[in-house]
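Architecture and fold: a report
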Amino acid sequence: ALVDRLHRVSEPEHDEIDTEVARVMKATGAQGLAIAYIENGTPVSPSDPRARVYRIRDDWQSLSQDELKREAADIFGIEIDSVTSEQTTAIYNRYADDWQNWPVDLGAPFVDQNENGEWDGAAIDLPGLPGSGQVIYFVMNDLSDSLTTRFLGSPPLGLEIHVLIYAYNNTGSVYGQCYFKHY
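Note that residues are indexed from 1 along each chain, following the sequence as it is written. For this predicted model, a pLDDT threshold of at least 70 governs which residues receive local features, and a threshold of 80 or more governs which side-chain atom pairs are given and counted, while totals over whole chains, interfaces and linings are taken from all residues. Hydrogens and water molecules were not included; the side-chain quantities draw on all heavy atoms of the structure.

Side note on the overall build of the chain
Think of it this way: any DSSP run of H or I at least four residues long counts as a helix, any run of E at least two long counts as a strand, and we number them from the N terminus. Helix and strand counts for the chain stand at three helices and 10 strands. Scanning the chain from its N terminus toward the C terminus, one meets helices and strands in the order β-β-β-β-β-α-α-β-β-β-α-β-β. Counting across all 183 residues of the chain, residues that qualify as buried make up 37%. When contacts within the chain are restricted to residue pairs at least 6 apart in sequence, those whose partners lie at least 24 apart make up 59%. Between buried and exposed lies partly exposed: a residue is buried under 20% and exposed over 50% of the maximum accessible area for its type, with that area taken using a 1.4 Å probe on protein chains only. Whether two residues are in contact is decided by their heavy atoms: any pair within 4.5 Å suffices.

Here it is in structure tokens:
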């Protein structure tokens, strides 16, 4: 059974929001959002260790050194011949950490292996979506006045956006050539 918590709506309390001011948001190459979730009506600091992009693969424990080098080259933006063992170790350790600390409490989906409706940790339940090869999850908000004002000259709307990006590792299927995004 899949437990989908992406549809949770967070309503931050902002008594000081001026309802007479027009507010806008637009998706472009510029950024008016911060990667951080909202807790008790207030965004956590973007430097909070849980305010980050989580990325898991179902095969992370069996990745070869060549696969880790390719990923490190992509992530660090370098040539594959320049990848160090420290960088491949960092990629592997990040997968392990993201797998063990999958943010279900923030809304990340999981496969409920024992069908009890609860997240029982990665030792029992599976982070991510059934059959997916890789899943990326993060939460962002627009509650930074400086980001939204610099971006479009608008005060924040008070949005918390949950982003789920996933792909399947099915080379013989059309789905193996696609990735999916949910907001």
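Text resumes after the structure shown.
Observations concerning the confidence of the model for the chain
Confidence scores here are pLDDT values: one per residue, from the predictor, ranging 0 to 100. Averaged over every residue, the pLDDT of the chain is 84; residues scoring 70 or more account for 83%. Ranking the elements of the chain by mean pLDDT puts strand β1 (residues 2-3) last with 42 and helix α2 (residues 85-100) first with 97. For residues 1-15, every residue scores under 50 in pLDDT, and the model assigns this stretch 35 contacts once sequence neighbours within four places are set aside.

Details of the side chain of S132
In this fold, S132 is placed in strand β8 (residues 132-141). Contacts described as polar in this section are N or O atom pairs within 3.5 Å, which, within protein, must combine one atom able to donate a hydrogen with one able to accept it, while residues neighboring in sequence count only if both atoms come from side chains. Looking at S132, its side chain comes within polar contact range of the main-chain oxygen of L129, at 2.8 Å. Residues in contact with S132, not counting those within four places in the same chain, are D58, A167 and Y168.

Section: the nonpolar core
The definition of a nonpolar core used throughout is a set of buried Ala, Val, Leu, Ile, Met, Phe, Trp, Tyr and Cys residues joined through side-chain atoms within 4.5 Å. By size, the foremost hydrophobic cluster in this structure holds 28 residues, and its most contacted members are W102, V135, Y137 and L164. Those elements giving two or more residues to this core turn out to be β5 (54-57), α1 (65-76), α2, β8 and β9 (160-168). It is α2 that contributes the most residues to this core, four residues altogether. When residues no more than four places from it in sequence are discounted, the contact partners of W102 are Y54, I56, A108, P109, W119, P127, G128, V135 and Y137.

Concerning α1
Helix length check: α1, at 12 residues, gives a terminal C-alpha distance of 16 Å against a target of 16 Å (1.5 Å per residue), a fit within 8%. Of all the residues in α1, the buried ones are L68, E71, A72 and A73. Its buried side turned inward, α1 meets β5, α2 and β8. Remark: G77 follows α1 within two positions and exhibits a positive phi of approximately 65°. A helix is expected to span 1.5 Å multiplied by its residue count minus one.

Examining the packing of α1 against α2
Look at α1 against α2: their axes get within 9 Å of each other, and the N-to-C directions meet at 95°. When the axis of α1 is compared with that of α2, the two are roughly perpendicular. Counting all contacts with α1, which are made through Q65, L68, K69, E71, A72, I75 and F76, the residues of α2 involved are Q87, T88, I91, Y92 and Y95. Throughout, the ten residues Ala, Val, Leu, Ile, Met, Phe, Trp, Tyr, Cys and Pro are labelled nonpolar, Asp, Glu, Lys and Arg are labelled charged, and all others, Gly among them, are labelled polar. Here the contact of α1 with α2 is composed, by residue class, of seven nonpolar, three polar and two charged. Geometry is summarised by axes, namely lines fitted to C-alpha atoms with helices restricted to the contacting stretch, and by angles between N-to-C directions that run from 0 to 180 degrees. The scheme is simple: roughly parallel for angles under 35 degrees, roughly antiparallel for over 145, roughly perpendicular for 65 to 115, oblique for anything else.

Comments concerning the pattern of salt bridges
When a carboxyl oxygen of Asp or Glu lies within 4 Å of a side-chain nitrogen of Lys or Arg, that pair is called a salt bridge. Here the structure, examined in full by the defined rule, presents seven salt bridges. For D59, the salt bridge identified is with R57, shortest N-O distance 2.8 Å. R57 is the salt-bridge partner of E71, the closest N and O atoms lying 2.4 Å from each other. Note that E71 is positioned in helix α1 and R57 in strand β5, a separation of 14 residues in sequence. For the pair E71 and R57, one class covers both residues: buried.

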